[in-house]
Amino acid sequence: MSADLFLTVFVAGVAAGTVFLFAAVGEIITERAGVLNLGLEGMMLVGAVTGFLVNHQFRQLWLGVLAAVVAGGALGLLHALLVVSFRTNQVVTGLTLVIFAGGLSGYAGESVVGVAPPATFEPVAIPLLSAIPVLGRVFFRQNPLVYLSYGLVVATWFWLFKTRPGLNLRSVGESPETADAVGISVTRTRYAAVVAGGGFAGLAGAYLSLAQSPSWVPNMTAGRGWIAIALVIFATWSPVRAVFGAYVFGCVEALGFRLQAVGVDIPSFFVSMLPYLFTIVVLVVISRDTARRRLAAPASLGNAYVREER
Amino acid sequence: MKSSLKLISLGVALMLAAACGTGSESAGEDSGSTGGGGSKDVVKAAWVYVGPRNDGGWTTAHDNGRLAVEKTLGDKVETAYVENVPEEPAAATRAIEGFARKGYDIIFTTSFGFMDPTLEVAKKYPDVVFEHCSGFKTADNMSAYFGAMEEAKFLAGMAAGAATKNGQLGVVNAFPIPEVIRLGNAFMLGAQAVNPDATMKVVFTNSWYDPPKEKSAAESLLDANSDVLTQDVDSPATGQVAGAAGAKWVGYNSDASEFAPDAWLTAPVWDWSDYYIERVEAVLDGSWESHNYYGTLADGIVGLAPYGKSVSQETQDMIDAKRQEIVNDEFDVFQGPVYDQSGRVMAKKGEALSLDQLLSMDWFVKGIEGKLPAS
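Residues numbered from 1 in each chain as written. Chains lettered and ligands numbered in written order. Predicted model: local features only at pLDDT ≥ 70, side-chain atom pairs only at ≥ 80, totals over all residues. Heavy atoms only, no water.

> How should I be thinking about the overall build of chain A in this particular structure?
For chain A, the helix and strand inventory stands at 13 helices and 0 strands. Relative to the compact-globule value of 19 Å for 310 residues, chain A shows a C-alpha radius of gyration of 19 Å, a close match. The principal-axis extent of the C-alpha atoms belonging to chain A is close to 60 × 45 × 40 Å. Residue burial in chain A is summarised as follows: out of 310 residues, 58% are buried. Excluding contacts between residues fewer than 6 apart, the proportion of contacts in chain A whose partners are at least 24 apart in sequence is 76%. Averaging the positions of the 19 positive and the 14 negative side-chain charges in chain A gives two centres separated by 7 Å. (Helix = DSSP H or I, 4+ residues; strand = E, 2+ residues; numbered from the N terminus. Rg over C-alpha atoms; globule rule 2.2 N^0.38 Å. Buried < 20%, exposed > 50% of the residue type's maximum accessible area, 1.4 Å probe, protein only. Contact = heavy atoms within 4.5 Å. Lys, Arg positive; Asp, Glu negative; His and termini not counted. Charge placed at Lys NZ, Arg CZ, Asp CG, Glu CD.)

The following block contains the structure:
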């Protein structure tokens, strides 16, 4: 495999990894507040179909992105209503949302299956930065949504770890009793975190249907939401580490096809299996490493909070 | 905490497994009654589809056939369909039997995986006739039908062979199964008929329909220097990639030129209209008989979509001439000499590959660069 072809693995890996990045960063915000959102896959589907429909109707890419974020956020609101206010089981509620959103998105998008979008996000080279050897080609000749992901990762990291509201959010995820005692509204914080996570998931969906492969197909996420959830654990709830994880997943996919294209003798089924195999390995490794988990996992993740109740 | 993390892991693992094989069933059928043999005043015809009828590919082609039946036979026919039926015996049987029980006279099932369920229902409902597409099992009241897509693939390959500048083609394939391999080989032979030195790289996505994956696969082919792409998968993602990179593209199943007008060369397509009209008419006048039908270019079951603007008149004339030879039975797509990748002679000069060889094809022809699993 030539050096140039090898470089394209990373170019394609960043483009393919961005969808995981958006979804994982949103999930990190949600889980840092102590709420588990397994509905990611469904929220991404709804975001994808909403973004596509709006773009199809109004020929406005960014309006499509905005609509996808709102749609994902709306599903997040539903999740928050159920798990925060009604204190339903977070795992079951998340799984239910996936099934609900999968059906909803299929129904909503029926008329645009296989329709060409009027506009799509195309790669734009950033002046100066794109001229840097290797790095410029990998990171600065991508589409605008990829650039948006860079900004959102930094902003999320800064907000979570360097600001007072970020600290409040993390404390709600670690010890809601304490947070409540010092006057932080657990309910309001968790609502906001889940809605934000849903918005990010919607953005991930819009990335799929407007930039990565501009089209709408039922179930087009094809398990990417689940990989993103595994990625959150892999990244030990840090947006910065999520970047590496997301690009590793993207590169694994890109590498597999390139090996096939140059005729390396690897069974194609093995290549198709790689991201999922990787997910399982990550989950196994992380589950074993108890010390590391204690360090990083939000302590009250998955538990509903009721004041004065133990 | 510990147990909830385990629960997450379990949930993720479960859903990963589920995501690999889901399909939603949504029925869009009418209700009704009556049944029985002999000639009829009104025929009730039903279609069972594996995908959504607006998938822009395989299922759209069948649904266009259904619409042609409605248009041609008018009030002598009532049609219905059910889409997104999974290729899973229980679900398929339920969909097929649903129509049989409601008194439909003829039921078309349009995916390979529906073969055994169709046969099973056919045995239970001897007064209803069944038509199964792309399989090989038949019964007194069940036909098999399919078409020689390899003929259209060969012609499309000629367009690709004429368009390539560096002689390197690339194909995004679904699964390494005989049908896909046969069609890829036909395409390669067509390209070589125009450009004897043409080669083709192959990437398998292991899915009929996964646009993000198809996009990645198509990009990897361009990165490996292919300048004309084609596909055996269903979405137009390959064409979008080719269009964005200034490469050329041969689609599959339908005219998807709107996705990448500049890249578009043509596409091998299905047209089931005449066959469906004929079979429904046969039920109308009571002449329906079971058969194993393999339609050809001559029958119009397969053909080419309209050419893109970059296909020269000269190329079009050359393809038309070859089409005529195939229609007149003067040329066989797999006419010898045919070599495999290692240069072994698979069909001698003056001979052609046998039907058995075609149906069990597990080798690539010379010029295709790529490996098949376990070959």
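Still more to cover.
> Where do I start with the overall build of chain B in this structure?
Across its full length, chain B holds 11 helices and 17 strands. Counting across all 375 residues of chain B, residues that qualify as buried make up 58%. Partitioning the intrachain contacts of chain B with sequence separation of at least 6 by distance along the chain shows that 66% fall at a separation of at least 24. As displayed, chain B has an accessible area near 14900 Å², and 49% of this comes from carbon and sulfur atoms. (Areas by Shrake-Rupley, 256 points an atom, 1.4 Å probe, with all protein chains shown as cover.)

> Teacher, can you tell me more about the packing of aromatic side chains here?
Note on aromatic pairs: each is described by the distance of the centres and the angle between the planes. All names here are of chain B. Applying the stated criterion to the full structure yields 29 aromatic pairs over all chains. Ring geometry for W47 and F108: centres 4.7 Å apart, planes at 15°, overall stacked. Here F108 lies in strand β4 (residues 106–109) and W47 lies in strand β2 (residues 43–48), a separation of 61 residues in the sequence. We note that W47, like F108, is buried. With a centroid separation of 6.5 Å and an interplanar angle of 65°, the aromatic rings of F146 and Y294 are classed as edge-to-face. Remark: Y294 occurs in strand β13 (residues 292–295) and F146 occurs in strand β6 (residues 142–147); sequence separation between them is 148 residues. (Phe/Tyr/Trp six-rings, centres within 6.5 Å; stacked < 30°, edge-to-face > 60°.)

> Explain the sheet that holds strand β7 (residues 168–173) of chain B to me, please; I cannot follow it from the model alone.
Note: strands within a sheet are paired through backbone hydrogen bonds, in either parallel or antiparallel orientation. Residues and elements named next belong to chain B. In space, the 6 strands of this open sheet follow the order β11-β10-β9-β7-β8-β17, with parallel pairing throughout. Whereas interior strands pair on both sides, the edge strands pair on one side only; in this sheet they are β11 (264–266) and β17 (368–369). Lying over the sheet, helix α7 (residues 211–223) contacts β7, β8 (199–204) and β9 (228–231), oriented at roughly 165° with respect to β7. (Pairing = 2+ DSSP bridges. Axes fitted to C-alpha atoms, helices over the stretch in contact; angles between N-to-C directions.)

> Where do I start with a nonpolar patch on the surface in this structure?
All names here are of chain A. Side chains of L78, L81, F86, F100 and L104 sit close together on the surface and give an oily, nonpolar patch of about 430 Å² of accessible area. Of all the secondary structure elements, the ones that give two or more residues to the nonpolar patch are α3 (61–85) and α4 (90–108). Of note, F86 is situated in the loop between α3 and α4. (Patch = residues over 30% accessible without salt bridge, like charges linked within 9 Å, V, L, I, M, F, W, Y side chains within 5 Å. Salt bridge = Lys/Arg side-chain N within 4 Å of Asp/Glu carboxyl O.)

> What's the story with the domain arrangement of chain B in this structure? I'm lost.
In many analyses, interface size is given as the accessible surface area lost on bringing the parts together. Residues and elements named next belong to chain B. Domain boundaries in chain B define domain 1 (43–147 + 270–301) and domain 2 (149–269 + 303–369). For domain 1 versus domain 2, the separation of C-alpha centres amounts to 28 Å. Between domain 1 and domain 2, the contact holds 13 residues from the first and 16 residues from the second. Buried area between domain 1 and domain 2, summed over both chains or domains, comes out near 1200 Å², and the portion from carbon and sulfur atoms is 54%. (Domains from an automatic or database assignment. Buried area = accessible area lost by both parts, 1.4 Å probe.)

> Sorry, what's going on with the pairing of β6(B) here?
Successive side chains on a regular strand alternate, one facing one side of the sheet and the next facing the other. Residues and elements named next belong to chain B. Of all 6 residues that make up β6, 6 are buried, and the element is covered over most of its length. Burial of the side chains of β6 extends over both faces: M142, A144 and F146 are buried on one face and S143, Y145 and G147 on the other. Two elements, strand β5 (residues 129–133) and β6, share 4 bridges in a ladder whose sense is parallel. When the sheet's bridge partners are listed, H132 is paired in β6 with A144.

> What is the right way to look at the packing of helix α2 (residues 40–58) of chain A against helix α10 (residues 224–234) of chain A in this model?
Describing two packed helices takes the angle between their axes plus the distance from one axis to the other. All names here are of chain A. Contact geometry of α2 with α10 gives a least axis separation of 7 Å together with a crossing angle of 130°. Viewed along their axes, α2 and α10 adopt a mutual orientation that is oblique. Here α2 and α10 pass one another in a crossing that is right-handed. Across the interface between the two elements, L40, E41 and M44 of α2 pack against R224, G225, W226, A228 and I229 of α10. Looking at side-chain class alone, the contact of α2 with α10 contains 5 nonpolar, 1 polar and 2 charged residues. (Parallel < 35°, antiparallel > 145°, perpendicular 65-115°, else oblique. Left-handed = near helix turned anticlockwise from the far one by under 90°. Nonpolar A, V, L, I, M, F, W, Y, C, P; charged D, E, K, R; others polar.)

> Would you explain the pattern of salt bridges in this entry?
Pairs can form between side chains of opposite charge once their charged atoms are near each other. Residues and elements named next belong to chain B. By the definition in use, this model includes 20 salt bridges over all chains. Residue D116 is joined to K137 by a salt bridge in which the shortest nitrogen-to-oxygen separation is 2.7 Å. Here the residue D116 occupies a position in helix α4 (residues 115–124), and K137 occupies one in the loop between β5 and β6, the gap between them amounting to 21 residues. Judged by relative accessible area, which is 28%, K137 ranks as partly exposed. A salt bridge links R279 to E131, with the nearest nitrogen and oxygen atoms 2.6 Å apart. Pair noted here: R279 is in helix α9 (residues 273–284) and E131 is in strand β5, with a separation of 148 residues, a long-range link.

> Sorry if this is basic, but what is going on with the interface of chain A and chain B here?
Between chain A and chain B, the contact holds 53 residues from the first and 44 residues from the second. Where chain A touches chain B, the interface holds 1 salt bridge. For A:R258, the salt bridge goes to B:D223, with nearest N and O atoms at 2.6 Å. At the level of secondary structure, the elements contributing two or more residues to the side of chain A that touches chain B comprise α1 (3–32), α4, α9 (186–212), α10, α11 (239–261) and α12 (268–288) of chain A. When residues in the side of chain A that touches chain B are grouped by element, the largest group, 7 residues, is from α12(A). For the side of chain A that touches chain B, a count of residues per class yields 32 nonpolar, 14 polar and 7 charged.

> Where do I start with a negative patch on the surface in this structure?
Residue and element names in this part refer to chain B. On the surface, D271, D274, E278, E281, D285 and D299 cluster together into a negatively charged patch. Along the chain, the position of D285 falls in the loop between α9 and β13. Judged by relative accessible area, D285 falls into the exposed class, the value being 51%.

> Please explain helix α6 (residues 144–162) of chain A as it appears in this structure.
Since the α-helix packs 3.6 residues into each turn, any two residues three or four apart lie on the same face. Residue and element names in this part refer to chain A. Here α6 contains 19 residues, and its C-alpha end-to-end distance of 27 Å stays within 8% of the 27 Å for a straight helix at 1.5 Å per residue. Considered for burial, the residues of α6 that qualify are L145, V146, Y147, S149, V153, T156 and L160. Residues of α6 that are buried make contact with α1, α3, α5 (135–139), α7 (164–174), α9 and α11. (Expected span 1.5 Å × (residues − 1).)

> Would you explain the side chain of B:T205 in this entry?
As for its position among the elements, B:T205 is in the loop between β8 and α7. On the basis of relative accessible area, B:T205 is assigned to the buried category, the value being 1%. Not counting the four nearest positions on each side in its chain, B:T205 is found in contact with A:F257, A:S272, B:V172, B:N173, B:A174, B:K213, B:E214, B:A217 and B:V233.

> What exactly am I supposed to notice about the environment of A:G198 here?
Residue and element names in this part refer to chain A. One can find G198 in helix α9. Here G198 falls in the buried class, since its relative accessible area comes to 0%. Taking the C-alpha atoms as reference points, G198 and G73, 125 residues apart in sequence, are found 4.4 Å from one another. Among residues more than four places away in sequence, those in contact with G198 are M43, G72, G73 and G76.

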